[in-house]
Amino acid sequence: MRHFVFLIVAAFVFLGCGSDSGTSGSGSDSGGESTTDDGGTTAATDDGGTTATDGGTPRCDKLMSERAVGYDVGVMVPDMTLSNCSGDKLSLHEALCNKKAAMIYFASGWCQPCAEKMPKLESLHQKYGNEIEIWVAMRENTGPQDPATKYFCQEWTDEYELSFPVVIDPTDKHTGNFLTAGSTFPVIVMVDSSGTIQAIETGGDVDLEAYVQALVE
């Protein structure tokens, strides 16, 4: 009889131990676990960190959507989505999510001061490219009635050995909004990390590096 009671007790102990072994953290593997805050999720980034999100929407997008949008100093710049030389669409707001500022250099292929500034822009990109997004936005090729093409865009990029984006605005979707009465190319638009336009300048004598330094400090 004592042997029988012992076998019953041993069976209960065995079953209890077995149930404990199956209650490890749900969804975790032997390498660790992933956690989220109640307010949203986290996503891994290429540099080994994470980007905070708010209900699945990047914080930078939320910030920009809550601001006024226009083409004047002191307001939010529109999300310029323009094609590069390969035909891929680039988003200015998306670029600003990863940079401290942006400089959009509106130009045309017939603009000699624009051409003369290309080496300077490349130099600025090499020096500050991790902090500021630089675009050259071309509206025209070799004449005012010659809309920019991706082929001319690529020729311009190759001729001046540019390593930053050159985009095209052949339908004048954005360029004309920054050209004031009597102004001509180039038009330089400086944007801070929140997307706010800090300055709009025209002409080839603008001290570009001074503006860049002010924006990234």
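Structure shown above.
Figured I'd write up the structure that's included with this text. Everything numeric here is computed off the predicted structure, so don't read it as measured data. (Residues numbered from 1 in each chain as written. Predicted model: local features only at pLDDT ≥ 70, side-chain atom pairs only at ≥ 80, totals over all residues. Heavy atoms only, no water.)

## Quick look at the pattern of salt bridges
Phase 1: According to the stated counting rule, one finds six salt bridges in the structure shown.
Phase 2: Salt-bridge contacts for Glu131 lead to Lys100; the nearest nitrogen and oxygen are separated by 3.1 Å. Here Glu131 is found in the loop between helix 4 (112–128) and strand 7 (132–138), whereas its partner Lys100 is found in the loop between helix 3 (92–96) and strand 6 (101–107), with 31 residues between them in sequence.
Phase 3: For Glu131, a relative accessible area of 26% gives the class partly exposed.
Phase 4: In this structure Lys100 comes out as partly exposed when scored by relative accessible area, which is 40%.
Phase 5: Residues Arg139 and Asp172 are paired through a salt bridge, measuring 3.2 Å at the closest nitrogen-oxygen approach. Of this pair, Arg139 sits in the loop between strand 7 and helix 5 (150–159) while Asp172 sits in the loop between strand 8 (166–168) and helix 6 (175–178), and the two are 33 residues apart along the sequence.
Phase 6: Taking relative accessible area as the criterion, Arg139 reaches 16% and is therefore assigned buried.
Phase 7: A residue is classified by how much of its surface remains accessible, and Asp172, at 31% relative accessible area, is partly exposed. (Salt bridge = Lys/Arg side-chain N within 4 Å of Asp/Glu carboxyl O. Helix = DSSP H or I, 4+ residues; strand = E, 2+ residues; numbered from the N terminus. Buried < 20%, exposed > 50% of the residue type's maximum accessible area, 1.4 Å probe, protein only.)

## Digging into the environment of Met118
Phase 1: With respect to the helices and strands, Met118 occurs in helix 4.
Phase 2: In this structure, the C-alpha to C-alpha distance between Met118 and Trp156, residues 38 residues apart in sequence, is 9.5 Å.
Phase 3: Setting aside anything within four residues of it in sequence, one finds Met118 in contact with Tyr105, Val136, Trp156, Tyr160 and Leu162. (Contact = heavy atoms within 4.5 Å.)

## Here's the deal with the nonpolar core
Phase 1: Membership of the largest hydrophobic core comes to 49 residues, with the highest contact counts inside it found for Met103 and Val136.
Phase 2: Not counting chain neighbours up to four residues away, the residues in contact with Met103 comprise Leu121, Leu124, Ile132, Glu133, Ile134, Trp135, Ile188, Val189, Met190, Leu208 and Val212. (Core = buried A, V, L, I, M, F, W, Y, C linked by side-chain atoms within 4.5 Å.)

## What about unusual backbone geometry?
Phase 1: In the segment running from Phe185 into Pro186, the intervening peptide bond is cis, with an omega of -5°.
Phase 2: For Pro186, the location among the structural elements is in the loop between helix 6 and strand 9 (187–192).

## Quick word on the state of the cysteines
Phase 1: Taken as a whole and assessed by the stated rule, the structure comprises two disulfides.
Phase 2: Sulfur-sulfur distance for the disulfide between Cys85 and Cys153 comes to 1.9 Å. Across the disulfide from Cys85 to Cys153, rotation about the S-S bond amounts to roughly -75°, and the bridge is consequently left-handed. Of this pair, Cys85 sits in the loop between strand 4 (81–84) and strand 5 (89–91) while Cys153 sits in helix 5, placing them 68 residues apart in sequence. There is no split in this pair, since Cys85 and Cys153 are both buried.
Phase 3: Each sulfur of the disulfide joining Cys111 and Cys114 lies 2.2 Å from the other. On the S-S bond that ties Cys111 to Cys114, the torsion sits near 80°, and the link is right-handed. The same class applies to Cys111 as to Cys114, namely buried. (Disulfide = S-S within 2.5 Å.)

## Some points on the side chain of Ser194
Phase 1: Tracing the chain through its elements places Ser194 in the loop between strand 9 and strand 10 (197–202).
Phase 2: At a separation of 2.8 Å, a polar atom in the side chain of Ser194 contacts the side chain of Asp192.
Phase 3: Polar side-chain contacts of Ser194 include one of 3.0 Å to the side chain of Thr196. (Polar contact = N/O pair within 3.5 Å; in protein donor to acceptor, adjacent residues only side chain to side chain.)

## A few points about the pairing of strand 4
Consecutive residues of a regular strand have side chains that alternate between opposite faces of the sheet.
Phase 1: With three bridges connecting them, strand 4 and strand 5 associate as antiparallel partners. The residue of strand 5 that forms the bridge with Leu82 is Leu90.
Phase 2: Counting the residues that bridge the hairpin from strand 4 to strand 5 gives four residues, and of these Gly87 lies at a positive phi of roughly 90°.
Phase 3: Looking at chain direction, strand 4 and strand 8 are connected through two bridges and run antiparallel. Within strand 8, the position partnered with Asn84 by the bridge is Val167. (Pairing = 2+ DSSP bridges.)

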